[in-house]
Amino acid sequence: SSGINAEYGGGKTSVEEHREHGGDTSVDVSYHYLRFFEPSDERLAQIKEQYESGVLLTGELKKLLIDNITEYVKEFQERRAMVTPDVLEKFMSRHPMDL
């Protein structure tokens, strides 16, 4: 299997064990990616606390990451759609340097 669901997680081997001991954000790939894609530091701290305490499961953490990446890509595609050939030509053309 490939993709985000096959990535190494810091969760435990069972839901019960994870709920009791929590996950390890220092090795969880989804959490590490989420550090780049979650815009709110406060929300990221909350996610970390919930995951490490066992409130948030590995699959739920992966879902949060997927939602964040999906929103990022959607916004990127919207911005990319606004780049017309004229905009690209102006961007790529030479401009005099003021030294």
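Located above this text is the structure these notes cover.
Small disclaimer: the values here were computed from a predicted structure and weren't measured.

Caption draft 1: Layout of the overall build of the protein. Looking only at helices and strands, the protein has five helices and zero strands in total. Traced from its N-terminal end to its C-terminal end, the protein shows the element sequence α-α-α-α-α. Sequence separation of at least 24 residues holds for 56% of the intrachain contacts in the protein that already meet a minimum separation of 6. Carbon and sulfur atoms make up 56% of the accessible area of the protein, which amounts to about 7,500 Å² in all.

Caption draft 2: Main features of the packing of aromatic side chains. Counted under the stated rule, the structure contains one aromatic pair. Ring centres of F37 and Y72 lie 5.4 Å apart, and the angle between their planes is 80 degrees; on these two criteria the pair is classed as edge-to-face. Taken as a pair, F37 in helix α2 (residues 29-37) and Y72 in helix α4 (residues 58-81) lie far apart in primary sequence, 35 residues in all. Accessibility expressed as a relative area gives 44% for Y72, which makes it partly exposed.

Caption draft 3: Quick look at the packing of α2 against α4. Where α2 meets α4, the closest approach of the two axes is 9 Å, and the angle between their N-to-C directions is 35 degrees. The hand of the α2/α4 crossing is left-handed. Side by side, α2 and α4 meet where S30, Y31, Y33, L34 and F37 of the first sit next to L61, K62, L64, L65, N68, I69 and Y72 of the second. Classifying every residue of the contact of α2 with α4 by side-chain character gives nine nonpolar, two polar and one charged.

About the cut-offs
Residues numbered from 1 in each chain as written. Predicted model: local features only at pLDDT ≥ 70, side-chain atom pairs only at ≥ 80, totals over all residues. Heavy atoms only, no water. Helix = DSSP H or I, 4+ residues; strand = E, 2+ residues; numbered from the N terminus. Contact = heavy atoms within 4.5 Å. Areas by Shrake-Rupley, 256 points an atom, 1.4 Å probe, with all protein chains shown as cover. Phe/Tyr/Trp six-rings, centres within 6.5 Å; stacked < 30°, edge-to-face > 60°. Buried < 20%, exposed > 50% of the residue type's maximum accessible area, 1.4 Å probe, protein only. Axes fitted to C-alpha atoms, helices over the stretch in contact; angles between N-to-C directions. Left-handed = near helix turned anticlockwise from the far one by under 90°. Nonpolar A, V, L, I, M, F, W, Y, C, P; charged D, E, K, R; others polar.

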